[in-house]
Amino acid sequence: MKRYKFRKPRRYMVGLILIIAAVVITFVVLIVYNNNQTKFNRSYNDFTTLTIREVFENALSNLTTQFNMFTPPVLIGSDDIGNTYSLTFSDDQLLMKINGQVVQDTDTTYEEIYAKALYNIVMKIPPSDFSAQDPKALSNYLTESTYYYVRKDGTDFLVLTGKNVRNEATEFWFMIRKVNGKLRVNVEKIVVDGRTLTPSESKLLLSKIYKKTIDTDLIDAIKNSYLKGFTLSSIGETFEKLPNARWNVKDENQNLVELNATEVIDGKEVALTIGFKIDEVGQTVVPYFLVNGKEIESSSIPNYLKYIYSKYGRISSQEELQALVDRILRSNVPNTSETFGKLFSEKLSNLEWNISYKTTGTEIRMDSITKEGSEISLTFLFSNGSIYLVTGKIDGKEEKPATILSELAKAASNKMVEVVQKGRIIKGSTFSNNKSAFENFLKSPKWYYDEKMDRVILTGTGKYSSQQWNFKFVFEIFFNQEPVLEYVYMNDTKVIDELVDYIISQVFNVDTIGSNLVELVKSTIFYRNTYEDILGPTGWTLDRNSDSVVFSNKKLKVRFYVEPSGKVKISELTYLGKDYSSQSFEIIKLLEEGENIESVLGREQPKEQPVEQKATEETQQQSTETETEDYVPQYGQF
């Protein structure tokens, strides 16, 4: 049979080549595409629970992927405030840009996005065994919420914090894992007001949040929970020990359980009815408490609970004792400004404190010994946020607390006076103590302690500048042992510091202090100039016999004395032995105006005028001078 060969057209071969090329290109593109896809389907560094794509999918919105045959793919998304994130992943290197700007610390930024992704997962996926009937259940439960990411032992945790409806700080530790390729959320722990809830309590709280019916026995759930403030033993461990304890479900819809039992209180057997309820935040509370069928006030329920826990459960009695003792010591003794702490430290020794719980409140008893050897006992009652002093004993005999405190305060006052009397405010004196020095200076001295001022007061009469004054010395005591003179009063006028120094120098017979009285007089302004400017810088002395400051230049002698308020007066002016004291103002005024003493006193002195006329002329003269001068006297005797 004859065979024929047909030659295929060249056009057919070109088409075949194009088809094969297209198939190859498509295959290559698919390979590249799939390869690029897988680049984002892996985790980055230690953030292993979520892939890179899952991080962007759960943390950002408007997610897109850009592919290019010759460059790595780019993952793009935006956050809640419109920032655009782009991510390139190649050769285990992550390049991130925000709004086109390269991120320098990529790992930190990626961790922030990763935490945001975990947060959104927790808000969308309820914990295991719960259903998300309300997508906003968790966010509705917490206010002022925030979150942060924790990696512990290779496991990712999202910690969500905030405040519950009772304004208590609340922490949820969510553990996020992948099980068979699916994300699974579990609650590792819940911390409310600083206390980690038990697994039973956590389950009750989550049931409340996610609106799920409690799937365990309600009574068991209550028994396994803890009351706030009583975390050392559960409700079941404590209340089961009450005589004749019987539990029953009072209202399942309200998660309310009731306990009936008996107990001996104050020597009498009583019937107790206690309600336990799981409240809106998943915590067990006591909404009511009945004694012999009569409901007690809600403010008294904590007292009964403490009484039961102290007898049948466990309670942090030593911590509470220390807190209450500190509060007592900081409190003021009734009707005084002195604290119990100060009173006890000054008067008592060997203090012992004990705590006991009554249905009326918490009792704190203090036992001690006075410095005189008497045994003292005081009992304080803490109830409804306040502390009361209720009973007292001296040497085993009951006394009114006010009587005991009065005796202690009196003894303390005597001690304060004694501290001042035995001390010595001037070290270089011949007197051995303050008492001997001041009682030598004063007539009819009286020492006492002023509780309101917390100062020791000394009063009496004494001589200064040929006059009798009513003195009052006020002492402060530093560190309960160092007396310091704080103020001095003369005829109820507070004495200036310079005169105080001088008075003290006279009291203790010490001439090394008090000389600053001279400087005070010298710097006092008569009219426009100081006495030192008028009389000169030399010739000034302190006359301790007459309590005065004296200026003398052999011819002219001027004697000054200082009043308690600091006012300086001229008591004497003589020239060549002749007394010109009555004309001291005119003489000093002329000297201030530049005239010398010889010319002033060399003139014929005017005859003595009637007092009323002289006063009128001086008033007119001063009035005229005041109108023509720019300066007015600041100190002086007129």
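Residues numbered from 1 in each chain as written. Predicted model: local features only at pLDDT ≥ 70, side-chain atom pairs only at ≥ 80, totals over all residues. Heavy atoms only, no water.

Engineer: For the overall build of the protein, give the residues involved together with the corresponding values.
Structural biologist: The helix and strand tally for the protein stands at 18 helices and 30 strands. Burial status across the protein gives 44% buried among its 638 residues. For the protein, the exposed area adds up to about 35700 Å²; of that, 48% sits on carbon and sulfur atoms. (Helix = DSSP H or I, 4+ residues; strand = E, 2+ residues; numbered from the N terminus. Buried < 20%, exposed > 50% of the residue type's maximum accessible area, 1.4 Å probe, protein only. Areas by Shrake-Rupley, 256 points an atom, 1.4 Å probe, with all protein chains shown as cover.)

Engineer: Outline the packing of aromatic side chains, supporting the account with residue identities and numerical values.
Structural biologist: Tallied over the full model, the rule gives 34 aromatic pairs. Relative to F172, the ring of Y141 lies with its centre 6.0 Å away and its plane at 80 degrees, an arrangement referred to as edge-to-face. Pair noted here: Y141 is in helix 4 (residues 137-141) and F172 is in strand 8 (residues 169-179), with a separation of 31 residues, a long-range link. Here Y141 and F172 have matching classes, each one buried. Note on F471 and F473: the rings are 5.7 Å apart at their centroids and 5 degrees apart in plane angle, and the pair reads as stacked. Using a relative accessible area of 0% as the deciding quantity, one classes F473 as buried. Aromatic rings pair up to connect F438, F441, W447, F471, F473, F475 and F508 into one cluster. K189 extends its terminal NZ or CZ atom over the ring of W173, reaching a point 4.6 Å from the ring centre. (Phe/Tyr/Trp six-rings, centres within 6.5 Å; stacked < 30°, edge-to-face > 60°. Lys NZ or Arg CZ within 6 Å of the ring centre and 35° of its normal.)

Engineer: Quick rundown of the confidence of the model for the protein? Include the residues and the values.
Structural biologist: Do not read the fine detail of predicted coordinates wherever pLDDT is low. Per-residue confidence for the protein gives a mean pLDDT of 83, with 85% of residues at or over 70. Contacts of residues 604-638 to residues separated by more than four positions or lying in other chains number 37 contacts, the stretch itself having pLDDT below 50. (pLDDT = per-residue confidence, 0-100. Contact = heavy atoms within 4.5 Å.)

Engineer: Could you give an account of the sheet that holds strand 22 (residues 455-464), with specific residues and numbers?
Structural biologist: Pairing is antiparallel across the open sheet formed by five strands, whose spatial order is 21-22-23-24-25. With one partner strand each, in any of the chains shown, strand 21 (443-450) and strand 25 (493-494) form the two edges of the open sheet. Both strand 21 and strand 22 contribute to a ladder of six bridges, which runs antiparallel. Bridge pairing links W447 to L458 in strand 22. Across the sheet, helix 13 (residues 497-507) is in contact with strand 22, strand 23 (467-478) and strand 24 (482-490); its angle to strand 24 comes to roughly 110 degrees. (Pairing = 2+ DSSP bridges. Axes fitted to C-alpha atoms, helices over the stretch in contact; angles between N-to-C directions.)

Engineer: Break down the pattern of salt bridges for me, with residues and values.
Structural biologist: Tallying each qualifying case throughout the model produces 26 salt bridges. In this structure, a network of salt bridges that share partners links the residues R166, E168, D193, K228 and D279. (Salt bridge = Lys/Arg side-chain N within 4 Å of Asp/Glu carboxyl O.)

Engineer: Tell me about a negative patch on the surface, and please be specific about residues and values.
Structural biologist: A cluster of acidic side chains, namely D105, D107, E111 and E112, defines a negative patch on the protein surface. Structurally, D105 is set in the loop between strand 5 (101-102) and helix 3 (106-124). (Patch = residues over 30% accessible without salt bridge, like charges linked within 9 Å, V, L, I, M, F, W, Y side chains within 5 Å. Lys, Arg positive; Asp, Glu negative; His and termini not counted. Charge placed at Lys NZ, Arg CZ, Asp CG, Glu CD.)

Engineer: For unusual backbone geometry, give the residues involved together with the corresponding values.
Structural biologist: The phi angle of most residues is negative, glycine excepted, and most peptide bonds adopt the trans form. Phi at S465 takes a positive value of approximately 50 degrees, unusual for a residue other than glycine. Mapping S465 onto the fold places it in the loop between strand 22 and strand 23. Phi at N491 is positive, roughly 50 degrees, even though this residue is not glycine.

Engineer: Can you explain empty space enclosed by the protein? Please cite residues and give values.
Structural biologist: Taken as a whole, this structure holds two cavities of 30 Å³ or more when the rule is applied. Estimated volume of the second largest cavity: approximately 30 Å³. As for the second largest cavity, its lining consists of Y119, M123, L138, S139, L142, S145 and L160. Listing elements by their share of the lining of the second largest cavity, those giving two or more residues are helix 3 and helix 4. Residue composition of the lining of the second largest cavity, grouped by class: five nonpolar, two polar and no charged. (1 Å grid on protein atoms, 1.4 Å probe; cavity = no way out; pocket = protein on both sides within 12 Å on 5 of 7 lines; lining within 4 Å. Points joined across faces, edges and corners; volume = space filled by probe spheres on them. Nonpolar A, V, L, I, M, F, W, Y, C, P; charged D, E, K, R; others polar.)

Engineer: Which residues make up the packing of helix 2 (residues 52-59) against helix 3, and what values go with them?
Structural biologist: Their axes nearest at 8 Å, the elements helix 2 and helix 3 cross at an angle of 65 degrees. The two elements helix 2 and helix 3 meet at a crossing, and its hand is left-handed. Residue-level contacts link I52, V55, N58 and A59 of helix 2 to Y110, I113, Y114, K116, A117, N120, I121 and K124 of helix 3. Grouping the amino acids of the contact of helix 2 with helix 3 by side-chain chemistry returns eight nonpolar, two polar and two charged. (Left-handed = near helix turned anticlockwise from the far one by under 90°.)

Engineer: How would you explain the packing of helix 12 (residues 434-441) against helix 13 if you had to name every residue and give the values?
Structural biologist: Interhelical geometry of helix 12 versus helix 13 gives an angle of 100 degrees and a closest axis separation of 9 Å. Relative to helix 13, helix 12 is oriented roughly perpendicular. Here A437, F438 and F441 of helix 12 come into contact with helix 13, specifically with I503, I504, Q506 and V507. Counted by class, the contact of helix 12 with helix 13 contains six nonpolar, one polar and no charged residues. (Parallel < 35°, antiparallel > 145°, perpendicular 65-115°, else oblique.)

Engineer: Go over the layout of surface pockets with me, naming the residues and quoting the values.
Structural biologist: Within this model, the second largest pocket holds a volume of roughly 350 Å³. Lining the second largest pocket are 19 residues; nearest its centre among them are L227, K228, G229, T284 and V285. Within the residue set of the lining of the second largest pocket, elements represented by two or more residues are strand 14 (284-291) and helix 8 (301-312). For the lining of the second largest pocket, the class distribution of residues is ten nonpolar, four polar and five charged.

Engineer: A description of the nonpolar core should follow, citing residues and the corresponding values.
Structural biologist: Judged by nonpolar contacts, the single largest core of 61 residues is most densely connected at F471, F473, L535 and F560. With six residues, the top contributor of residues to this core is helix 13. Residues in contact with F560, not counting those within four places in the same chain, are V521, Y531, L535, W540, S548, V549, F551, V568, K569, I570 and S571. Counting 53 residues, the second-largest nonpolar core is a separate cluster that includes L204, F289, Y312 and F380. (Core = buried A, V, L, I, M, F, W, Y, C linked by side-chain atoms within 4.5 Å.)

Engineer: Any chance you could break down helix 13 for me, citing the residues and the numbers?
Structural biologist: Every buried residue of helix 13 is accounted for by L499, V500, Y502, I503, I504, S505 and V507. Looking one or two residues past helix 13, N509 carries a phi angle of roughly 55 degrees, positive in sign.

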